[in-house]
Structures are given as structure tokens and as C-alpha cells.
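In case you want the letters, here they are:
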Amino acid sequence: MSVHPMILSGRGVTAVLGPTNTGKTHYAIERMIAHDSGVIGLPLRLLAREVYTRLVERVGHHNVALITGEEKITPHRARYSVCTVEAMPRETTASFVAIDEVQLAGDLERGHIFTDRILHLRGRGETLLLGAGTMRPILEQLLPGITVVERPRMSQLLYAGSKKITRLPHRSAIVAFSADEVYAIAELIRRQRGGAAVVLGALSPRTRNAQVALYQEGDVEYLVATDAIGMGLNLDVDHVAFAQDRKFDGYQFRNLNPAELAQIAGRAGRHLRDGTFGVTGRVDPFDNELVHRIESHEFDPVKVLQWRSKAFDYSSLTALKKSLDAAPTVPGLTRALPAVDQQAFEHLARYPEVVDITTNAERVEKLWEACALPDYRRITPVQHADLISTIYADLVRRGTVNEDFMAEQVRRADHTDGEIDTLSARIAQIRTWTYVSNRPGWLADPTHWQEKTREIEDRLSDALHERLTKRFVDRRTSVLMKRLRENAMLEAEISVNGDVFVEGHHVGQLTGFRFALATGGDGQDAKAVQGAAQKALALEFEARAARLHASGNNDLALSSDGLVRWLGDPVARLAASDHVMRPRVILLADDQLQANAREHVLARIERFVNHHIGTVLKPLDDISRAEDLEGLAKGLAFQLVENLGVLFRRDVAEEVKSLDQDGRASIRKYGVRFGAYHIFLPALLKPAPAELITLLWALKNDGLDKPGYGDLIPMLAAGRTSVVTDPSFERTFYKLAGFRFLGKRAVRIDILERLADLIRPLLQWKPGTQPRPEGAYDGRRFTATTSMLSILGATPDDMEEILKGLGYRADSIKAEEAAAFLASQDGAPAVAAAASDPAAAIDDADAGDGSADAETAVAAPAAETEKAEGDAVVATSDAQPAEAQVSEAGEPVEAKPVLLWRPGTRQDNQRQGGGRHQGDQRRGGQRHGRGQGQGEGHEGGRKGGEPMRGKRHEGGKSEGGPRQDRGDRHDRHDRGGKPGQGKFEARPPRREKPVDPDSPFAKLAALKEQMKK
């Protein structure tokens, strides 16, 4: 292809060449407004916006148009046009034409566009080509007759060597070539120096201008940018530091050449102020030759310009492709590599659906026009080609782009939530549709879409600026640093909320007696801020210490994490000591709290902690300090304190048996209850004491982080009488919260004692005696009753687990057999109850308050039984006569067998290894084994067996069966050896114990003796 020789003429063309900071752009603006009309082309949309703003200030907005790929501001009869080079007209009647940064004609990606404008676009009166001095030889070669004016740099540019990023001087620009690297550097500067503005070529002009304003106005002292700042952006930069010296040029990663480095480094210094450049981060220091070339602006000349034919043949797809591949015939030009538009065209030329509809020259030209859509999204060529294919198909079939499709795409981008990367992607998306809206003839209503996309881009740009500022600028610190440079004497004050201010800027928070610096910086600036704050803190610490020392207990609180808080702020934490009830107090305070003030604070907190424990755990505290306890009573009290208020009766069975009535009376005065299964303090079975007990145990046993800590207290507070156990929880937490762990369920300790009260009369009942209590069977076995289920808040299956856990064993018999047996018992003639031995009732009588021990007390009336919270499952007794049951299909269903419960014996354990027990058949002959006699084997005992006397459990302490639970029970019925019972109840003779004469049972026994006489 030949080019008309007159095009390659330099007549009327002036090349203004030189390094950065020579005033070339300013000169072009002055020359343009000297003409009645003009067009200027700039390499970046950002720079075009800057020049547009400067022109508007000079000649008014109605005289200036801004035309870029995705933005058009075109006042009627505007005399001057500011464009990106891509958006410059191919021909113009304007008097003046200027093209900036003409050295980009050698760029592999965009160079052919600059070359085309340099060679073909002229002003009627004057044409200016602005750029680096390296362009002089090639311009003089291609444009004979051109006038070349070289302008010297206004200030010196000097090399400053290598510095750490955190040591760079103020008013520095740090340059990197990837968004990730830019963000990482900006984050580091924010933490160390208060913040940085961020400039990337992909930012919208609105976002870029807002970021540059942060830097220009001094809110931040650092600018982190890509090489976008090398293209004529006018900034007050004193030093340029290269954090990277390699970039991706659209085709490959390569090192920047000396001329490119100089273009960026030259942004340092402004007008007559000298500037410096250097390296930072992982970049090696520049060698001497490179430094000399940059400082003296000596670079290799540009030898060839990138070129692509402008003579397109639209007769067919093949013809267009051939014209795009044409080679230049003029020396000094080289055919450009396929750009984004050509890559998209080559993909689409292979799409059958595109080929089918591209049937004439007009449509070929329309396809090529669609391929000019820039790839703002930086996606793959195939994805970009797919979008162009959709737009082109609409243009061919409909005449315009489908606005419903466009509306959906715009709607997806119209969201200002999300972080930096998300907003950047949305801006790229909306820029695509802004470009579409500005293409003539592509939309039915272009004005609407131009306004809408512009509005969305502005909102997204503002949101992106806000996110960038929030992430990379600590406004508090940056403004404070600015104030610090102006005045080294800073004033500090502290608010009532503990906010610490220096010169009116928040710098930290005082919590209790600890100060946390909010700047997070280091270096001299941060030290000055901290020093100013410490002066104010010294006086505040003294004042706070005095206030705390005089404060009441209501101002202090102990939380479940072991922290002592004063008016909500942590001031101390508890730690373990030798005595579980007397934890050690560790003060949480900075060194500024000194001498007497520190001692007074510590003493006041220790008094509060002791008072709090003594109040919430008063029964336990009283018994730990008791001086009237002696002998076994004193030892039992010691164990009770060590175990934080609960002992399993089996663990202290011998001590209890050996304890006389005076000893029992002395310890009962402190609220201790001797239950069938536990020795405990009922007053501690409440949420507040249980929470504190759990904390004290956790401090002593390093248990604050153990699973289940604190999780059982809410269940206690909710009034739950039994809960499903969690195998992941620390077992001891159940006991500390007042629950007895019984395998799959845990039951509140006091409720178990009520259960014992219900079971006791059923095992003491004599067959033939009328009336028979509900649940009684044959005097040695019983069935679960609704009363038992009610107080436990349990189901019949839960009841099995609970009774097994307590050591009871079940015999399973058929319902008919049980019904027949009970019918014979209830139908037997009444037999006068034999007078029980009155002395037996006195054995364990309470000598202190007139109440009986749990193991001897009469079962509480139903009216006195608390109803378990929630709806307890009420079931008919297994021992009730079985009624005929019929399934839904009308077939009879076999009645469930009845479980007869009895206290476990040693023989039960021995049977574990032998054959089946005759009562072990249940549910179709299967062994009743959710483990027959499993008992507290759940807790670590023998699998499936009744715990033996002395079995280790619950932290290594022994546990026996329910026979031992009754301990030294006085009621030895059947001593006369009644048939069928004497053998089962045979026991050694009861050891006589002294009788408390003040006991009501003793008085009752004396009355009966008188009646016998």
C-alpha cells in the first residue's frame, strides 16, 4: 500500500521536545488559546481531564469540549477540543492541533495510533508535536521540513540512592507496576507514616482527582502510583522512588529502559525546585551509567515508529484482514503487532454466526467499528470478543444495541457496596457501557444512557475514593503529623470516656489503667505523640487511683472470664492461689501507675474480691472460717470447702457413719444437708453461686478454656431440673453447676434428693399393709411414678438412665404378671402395720433444726413438690394393669414389659460375666442392656456393671451403689426374717448411736414407749 508523499511533510509542524518539567504542556495550552479553534490529544483520560479543567479556567466551559472513549462534554459551538489520542478526529478544520507525548508512537500496544495522528493530523495554522528529545531523529526523517524546538529542564534531577519505604522523605511518590503492589505499599505507609494517596491508570478521573487532592493539600505526605504519573500529571513531588523496575507491556514482562525510567523519575521537582529519584523495596540500586543518563537526559533515540494501515478494505472479512496486515512502505515505520481491536476481529471472523450476517461492506465496517470497543475489564480476548459479538448482532438485526440487555448490564454495575477490587471491577464494567452510549448511532436514546452511565460512574468513583481513603489513609494520624511538623509542643487531654486527644486529634484510648496508642505508628512522629499523651496520663492515673480507692462495691464487678472491672473497664484479673476460695489478684495497669497509688488500687480490688466471694458464697465462706467445728465435723467441713460445696456421700461414707449427732448438729448449723446421695449446701444451687464456684475451680485447674465452661449456668438459671449431657464438656462443670452427671443426663442435686424421698417409702413398704403407695411393688422393688417423672422433668427413657446412673437395677417382667401380682396385693385383707422400732427413727434425727436427714425423712407431700420447669412427661406406672392395645391396623399389640427397680448389689456385678439373670428378658426376649445395671459406668466405671464399693469416679473419688447411699440408715425392716425378704435385707447388726434428746423423733419414741406400758 502506498502513502501519498504530501502526507509525509513537516511543513507547518513544530516539535517541542525535551525532558520532563520543561513546561511543554503549558506551552501547548498557551498556543492553542491564541488560535480561534484547536484540538489537543493526550495519552491518558486522566491527563485529558486535567488539561480540560485548565482550559475551562482560561476560556470558560462553554468554549471547551472533552472527548474521550467513554466521556463526551460537547458544548454547542465549542472552539477547543481536548481528547485522548484515540478519540482525536481523523481529519479536522481546526486552526491548531497538538499531540502530547509523541514518543509513545514507539509503544507496542498503542504506538500505531500515535503514529497515525503524527503523520496525518494537521492544524490549519499550527501543529505541535510534544515529547521526549529521543524523537528528534525519527521525526526529522519522517517529516522533512519539521521545526524542532528543544526545551531544557527547569530544575535539576539528582539520584538519592536506596532507602527503605518507611524512611522515604515527605512528598515522595513510590512507583510500582501492579495494583497489588501499589496496595501493599500504601498499606505499609498507612501503618508506619499515617497514609498515602493512590493513583492507578485504571481509576476514573473523578477518583484519581480526589486521591491527588489528598496529596496536594497535604493530608498525606506520600503518593503510591503506577507509571500513570509519568504521563504529564503535574504534582508537587520532591522524590520519586522505584519499588519495581519491571512491567508488563501488554505482551511480556520486561525491564524499563532508561528513557522510561527518566520519564517517571522526572516527575520529581516542580518548576525551579530540584527533585531526587532513587529505589526502594527489593529493587537493586541503579548503576552509575544509568544514573548519569537519567540525570543528564541522554537516551538512545527512537529508531522506528509502530504503524498500521489506515486504508481499510471493507469489501469482505478477508479483505479487511489483509489490509490490517499490510506492511509500511516508508522507512522508519514498522508494522504493529495486533492490538486489542484486531485480536477481537480475528476471533469474530471465525465465528459462524458472525460470518453468516456479515454479508456486505457496510456490515464489515460496522463489525470493525464494534471491535474498537476498549477492553476496560482486562478479560481474555475470547470473552471480550463474545461481548462485541452480542453488540454487533444487535446493530445488524435491530439497528441499535438492545437496551434491555444494556439496562441489565448497567444494573449489575450500579452498586456501591463492596471493597476496592469489587468497585474497580464495576467501574471498568460501567466504562464499557459509557463507551457504548457515546458511539454515534449505537443507541436509540443515547442521551439517557450517557447521563445514566456517567452518574453511576461518578457514584462508583466516589465510593472507590472513600474505600481507598479508609484503607490507606489514617486521617487522624496524617493531620496530627502535619500539626507536629508545625509545632513540637503538643497539648493532650483525656475525655470522661477515656479518649486521649493530642492537639484535638484522637490518638488512643485509656481503659482502666492501661493506655492503647491508636496511631499504630513508629518513628519520631509517633514517639512525640505518645510522649505528649503520657504527660496527661500521669495525672489521670493518680486521679483514677483515688476514685477507685474511694468507690463502692457497686462500681466493681467480677465477670466470668476472671476479670475485675471498674465501671466497665478491666482493672485486674484473678489467678490461682493455694486456697481455692482466696484467688490471687493481678493488677492490669501500665507503669505510670506507681508507688502508693498502685498499692491502694490493689488493696481496694482485693477487698472487693474477698467481699464478693464471701457474700455470694456465704455458706461456703462461713464453714471455711468456722471455729466451733471439731474432729470429724471439721474434717468433713474442710472436704466440703475443697470440693466447693458438694460431696458425694459415698466418698465420705465412713466419716458420716462415724459422725455423732452433736457433730452433725454442729455442721448443719452452716446450712449443710446430709442427703441420700450427697452432702451439700443447698444455698449454693443457684446461678450466681454456681457461676462463681465454676470460676474459682477453673482458676485453680486452668479450666477457663476447657469445653463447657459457663455453658451450664444458663440452664440452672432457667430452672432446668435435668439436662442432656454433652460428652465434649469437662465433666466437673456439671457438678460445679449443681448437677449430678448420670450418663446421658445430668440431674440437679437437690432434685435427686427429692427423688430419694419418693423412692424411700416404696422400699420401706410392707406387703400386705394397706394402703399400698403408688409405685410400691413387693417391698424390695418399685416402679417409676409420674411424681418422679414430674420433678425430674424427664421421660420414661430418661428415667431409666437416671436410675441406672444412681446404681439401681431393673428386673423386667410381663405387664400381665405385674398386674396380677398387684391385684393380689391390693385385694389382700388389711393387716395392721407392725409398730416399727421407734429407736430406729431416731438414729439420724437432726439435732439442729428438727428436720430429719434425707435418708430418714418421710417423703414430702405432693403439695410441697415443685413442678419441674417445662411440661414434664407424665406416664402411667409400668405396674398398672395392662389394657388391651390395638394397632392402627386393628391387630393386637403386645403390652410393654414392666421395669421393677431395686438397689444394686454385688451379685449384680458378678452376673455381668455369667449367664442371663431371670429378670433380664425384655422386649421380645432381648436383654435389657442399654446395659443392664450400667449405672455410673457411664462416668468411668466398669462397662455395663454396677459400681463396686470403692469404685473410682468423678475425679478419682469412690462411688458405691444405692444401698450405700443410704449409708447408716436406721430403717432395717424385716429384721424378723419374713419369708422372701429376710435373705434380701440381711445386714450386720446396727451399731448403737447416742440419741439427741432434743430431736422430735426422740420425743416421739419416748411417747410410744409410754403407750406400750
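Above: the structure in question.
This section reports on the structure supplied with the text. The shown structure was predicted, so the numbers you read here are calculated from the model rather than taken from an experiment.

**Some points on the side chain of Arg 45**
In this structure, Arg 45 sits in helix α2 (residues 45–59). On the basis of relative accessibility, which here comes to 10%, the residue Arg 45 falls in the buried class. If we skip the residues at most four places from it in the chain, Arg 45 touches Thr 68, Glu 70, Glu 71, Thr 84, Pro 205, Arg 431 and Glu 457.

**A few points about the pattern of salt bridges**
Under the counting rule described, the total for this entry stands at 46 salt bridges. Here Glu 140 ties to Arg 136 by a salt bridge, and the two come within 3.0 Å at their closest N and O atoms. With Glu 140 and Arg 136 both in helix α4 (residues 136–142) and four residues apart, this pair spans about one turn of that helix. Relative accessible area serves as the criterion here: at 39%, Glu 140 is assigned to the partly exposed category. According to the relative accessible area criterion, Arg 136 is partly exposed, its value standing at 32%. Measuring nitrogen to oxygen at the nearest pair gives 2.9 Å for the salt bridge that ties Arg 459 to Asp 414.

**Regarding the packing of aromatic side chains**
On inspection of all chains with the given rule, the structure shows 18 aromatic pairs. Centre to centre, the rings of Tyr 159 and Phe 286 are 5.9 Å apart; their planes meet at 20 degrees, and the pair counts as stacked. With Tyr 159 in strand β9 (residues 157–162) and Phe 286 in the loop between β16 (275–279) and α8 (288–296), this pair connects stretches of sequence that are 127 residues apart. With a relative accessible area of 23%, Tyr 159 lands in the partly exposed category.

**Section: the pairing of strand β12 (residues 222–225)**
Put simply, side chains in a regular strand alternate between the two faces of the sheet. Taking every second residue as pointing to the same face, both faces of β12 are buried, with Tyr 222 and Val 224 on one and Leu 223 and Ala 225 on the other. Alignment of strand β10 (residues 172–175) against β12, held across four bridges, turns out to be parallel. Bridge assignment links Val 175 to a residue of β12, and that residue is Ala 225. The pairing of strand β11 (residues 197–199) with β12 spans three bridges and is parallel. Each residue of the ladder has a partner; that of Val 198, found in β12, is Val 224. The β-α-β motif built from β11, the intervening helix α6 (residues 205–216) and the parallel element β12 has right-handed crossover chirality.

**Some words on the packing of helix α10 (residues 340–348) against helix α12 (residues 361–371)**
Axis separation between α10 and α12 bottoms out at 8 Å; the angle between their running directions is 130 degrees. One element, α10, and the other, α12, form an angle in the oblique class. For the pair α10 and α12, the crossing hand works out as right-handed. For the pair α10 and α12, contact is made by Asp 341, Gln 342, Ala 344, Phe 345 and Leu 348 and by Leu 367, Trp 368 and Cys 371, respectively. For the contact of α10 with α12, the residue count by class is six nonpolar, one polar and one charged.

Each value, and the rule that gives it
Residues numbered from 1 in each chain as written. Predicted model: local features only at pLDDT ≥ 70, side-chain atom pairs only at ≥ 80, totals over all residues. Heavy atoms only, no water. Helix = DSSP H or I, 4+ residues; strand = E, 2+ residues; numbered from the N terminus. Buried < 20%, exposed > 50% of the residue type's maximum accessible area, 1.4 Å probe, protein only. Contact = heavy atoms within 4.5 Å. Salt bridge = Lys/Arg side-chain N within 4 Å of Asp/Glu carboxyl O. Phe/Tyr/Trp six-rings, centres within 6.5 Å; stacked < 30°, edge-to-face > 60°. Pairing = 2+ DSSP bridges. Right-handed = clockwise from strand over helix to strand, strands pointing away. Axes fitted to C-alpha atoms, helices over the stretch in contact; angles between N-to-C directions. Parallel < 35°, antiparallel > 145°, perpendicular 65-115°, else oblique. Left-handed = near helix turned anticlockwise from the far one by under 90°. Nonpolar A, V, L, I, M, F, W, Y, C, P; charged D, E, K, R; others polar.

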